[in-house]
Amino acid sequence: AFRAQRVTTDLNAMNPSEQERLRRDHPGESDIFRCRGPYSCYVKGCLQPTYGLGDAYLKYAHFNHFPGRVVPEPYKPPYIRSAPQITRRPLASVSEGDFLVLATDGVWDYLSDQNAVDLVNRARKNGENAAEAVVEATLELAAARFGIAREQLVSMPTGRQRRRIHDDATVIVVDLYGAAHASVASTGSMG
């Protein structure tokens, strides 16, 4: 059996250390994050992630005027950061079968690290697509949490109603053993 090893930190408004950072960086802003329930906290009531590439209205004052994207006073951006958090692990010590699960926050809203590892391991043993197994399990759990059938969930049109139940769930499973022993070559030209 494989044991999950976390290599990242959840950079969202649910994370107590991120909540503390936001309070420290924005003293006097009592609305710096708002929790709407046990599974969702939002920076300035708008966005769960505290790091991201988009959402300029939470980074720069001159973008805080678009319809539907206006944060009321007190407003002193930046609230979210775009500099990535980088984790390095040597691949020299990987063993056959070791893998990495990269997934969006919609997966981690429902699965623990170990749940994901167990799902990937089982799918690989059964010759199934491991990433699809994780996404399917996420949908099953999201539907169950809201008391609806999985089929009912996936038949909902994308948008606000479905988004209230689950965030996007995208998964990539990387074979680390193969990656550690792979070579890459390129001509340096696409033409």
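About the thresholds
Residues numbered from 1 in each chain as written. Predicted model: local features only at pLDDT ≥ 70, side-chain atom pairs only at ≥ 80, totals over all residues. Heavy atoms only, no water. Core = buried A, V, L, I, M, F, W, Y, C linked by side-chain atoms within 4.5 Å. Buried < 20%, exposed > 50% of the residue type's maximum accessible area, 1.4 Å probe, protein only. Helix = DSSP H or I, 4+ residues; strand = E, 2+ residues; numbered from the N terminus. Expected span 1.5 Å × (residues − 1). Contact = heavy atoms within 4.5 Å. pLDDT = per-residue confidence, 0-100. Polar contact = N/O pair within 3.5 Å; in protein donor to acceptor, adjacent residues only side chain to side chain. Phe/Tyr/Trp six-rings, centres within 6.5 Å; stacked < 30°, edge-to-face > 60°. Lys NZ or Arg CZ within 6 Å of the ring centre and 35° of its normal. Salt bridge = Lys/Arg side-chain N within 4 Å of Asp/Glu carboxyl O.

Ranked by internal contacts, the top residues of the largest apolar core, which has 16 residues, are Val107, Val120, Val134 and Val171. Of all the secondary-structure elements, those providing two or more residues to this core are β3 (99–103), α3 (113–125) and α4 (130–145). Judged by nonpolar contacts, the second largest core, of 13 residues, contains Leu22, Leu47, Tyr57 and Leu58.

Taking 1.5 Å as the rise per residue, α3 with 13 residues should run 18 Å; its terminal C-alpha atoms sit 19 Å apart, in good agreement. Every buried residue of α3 is listed here: Ala116, Val117, Leu119, Val120, Asn121 and Ala123. Elements in contact with the buried residues of α3: β3, α2 (105–108), α4 and β4 (171–175). Following α3 by one or two positions, Gly127 adopts a phi angle in the positive range, close to 70°.

Here the protein averages 86 in pLDDT, and 93% of its residues register 70 or above. Confidence drops under a pLDDT of 50 for residues 181–191, and excluding neighbours within four residues, the segment shows zero contacts in the predicted structure.

A separate point is α4. Taking 1.5 Å per residue as the helical rise, α4 with its 16 residues ought to reach 22 Å, and the 23 Å between its terminal C-alpha atoms agrees with that figure. Among the residues making up α4, those that are buried are Ala130, Ala131, Ala133, Val134, Ala137, Thr138, Leu139, Ala142 and Ala143. In this fold, the buried residues of α4 make contact with α2, α3, α5 (150–155), α6 (160–163) and β4. The backbone nitrogen of Ala131 has a side-chain oxygen 3.0 Å away, supplied by the residue at the start of α4, namely Asn129. Looking one or two places after α4, you find Gly147, whose phi comes out positive at around 70°.

Following the criterion strictly, the structure yields four aromatic pairs and no others. Every member of this aromatic cluster is reached through a ring pair, and the members are Tyr60, Phe63 and Phe66. For Arg36, the ring lying beneath its charged end belongs to Tyr42, and the centroid distance is 4.0 Å.

Moving on, we come to the side chain of Arg150. Locating Arg150 in the fold gives a position in helix α5. Setting aside residues up to four positions removed in sequence, Arg150 forms contacts with Glu136, Leu139, Glu140 and Ala143.

The next thing to look at is the pattern of salt bridges. By the definition in use, this model includes ten salt bridges. Linking Asp25 and Arg21 is a salt bridge whose minimum nitrogen-to-oxygen distance equals 3.2 Å. Separated by four residues within a single helix, Asp25 and Arg21 lie in helix α1 (residues 16–25), roughly one turn from each other. With a relative accessible area of 34%, Asp25 lands in the partly exposed category. Of the charged contacts, one joins Glu140 and Arg150 as a salt bridge, the two residues approaching to 4.0 Å between their closest N and O atoms. A residue pair is termed long-range when its members are at least 10 positions apart, and Glu140 in helix α4 and Arg150 in helix α5 qualify at ten residues.

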